[in-house]
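# Structure at a glance
In case you want the letters, here they are:
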Amino acid sequence: MKVFVYEIKDSVGVHARPAGMLVKEAMKYDSRISIKTENKSVEATKLMALMALGIKQGQRIEVEIEGADEEKAYEGIKAFFEQNL
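This report concerns the structure included in the present document. (Residues numbered from 1 in each chain as written. Predicted model: local features only at pLDDT ≥ 70, side-chain atom pairs only at ≥ 80, totals over all residues. Heavy atoms only, no water.)

## Remarks on helix H3 (residues 70-84)
Spanning 15 residues, H3 covers 20 Å between terminal C-alpha atoms, matching the ideal 21 Å at 1.5 Å per step. The set of residues buried in H3 consists of Glu70, Ala73, Tyr74, Gly76, Ile77, Phe80 and Phe81. (Helix = DSSP H or I, 4+ residues; strand = E, 2+ residues; numbered from the N terminus. Expected span 1.5 Å × (residues − 1). Buried < 20%, exposed > 50% of the residue type's maximum accessible area, 1.4 Å probe, protein only.)

In structure tokens, the structure reads:
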């Protein structure tokens, strides 16, 4: 299992457009990718669940990746966050 913590830098947080982009990125991998806030965890492939987290700018989230291609998924998802959120 691979895990990283990320602080959201996007001024409007994780809204519809970046959430949709994140779902597309997560679907490229076989590994299970979870996004965790202080009190909730959702799969990164579930658009409505991601948006329901209401992640705002400055909020820290934990991203957990587990599966056959977790190393590749870790690199791809981490790069996605750094470039888009």
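## Comments concerning the pairing of strand E2 (residues 32-36)
Relative to strand E4 (residues 60-66), E2 runs antiparallel, the two sharing five bridges. Within E4, the position partnered with Ile33 by the bridge is Ile65. When E2 meets strand E3 (residues 41-43), the two strands line up antiparallel, connected through three bridges. Opposite Ser34, over in E3, you have Glu43 as the bridge partner. Between E2 and E3, which pair antiparallel and follow one another directly, the connecting turn spans four residues. (Pairing = 2+ DSSP bridges.)

## Notes on a nonpolar patch on the surface
A surface patch of nonpolar side chains, about 280 Å² in accessible area, is lined by Leu47, Met48 and Met51. Residue placement: Met51 occurs in helix H2 (residues 47-52). (Patch = residues over 30% accessible without salt bridge, like charges linked within 9 Å, V, L, I, M, F, W, Y side chains within 5 Å. Areas by Shrake-Rupley, 256 points an atom, 1.4 Å probe, with all protein chains shown as cover. Salt bridge = Lys/Arg side-chain N within 4 Å of Asp/Glu carboxyl O.)

## Topic: helix H1 (residues 16-26)
If you check which residues of H1 are buried, you get Pro18, Ala19, Leu22, Val23, Glu25 and Ala26. With its buried residues spanning 160 degrees around the axis, H1 presents them on a single face. Across from the buried face of H1, at angles greater than 90 degrees, the exposed residues are Arg17 and Lys24. (Arc of directions from axis to C-beta.)

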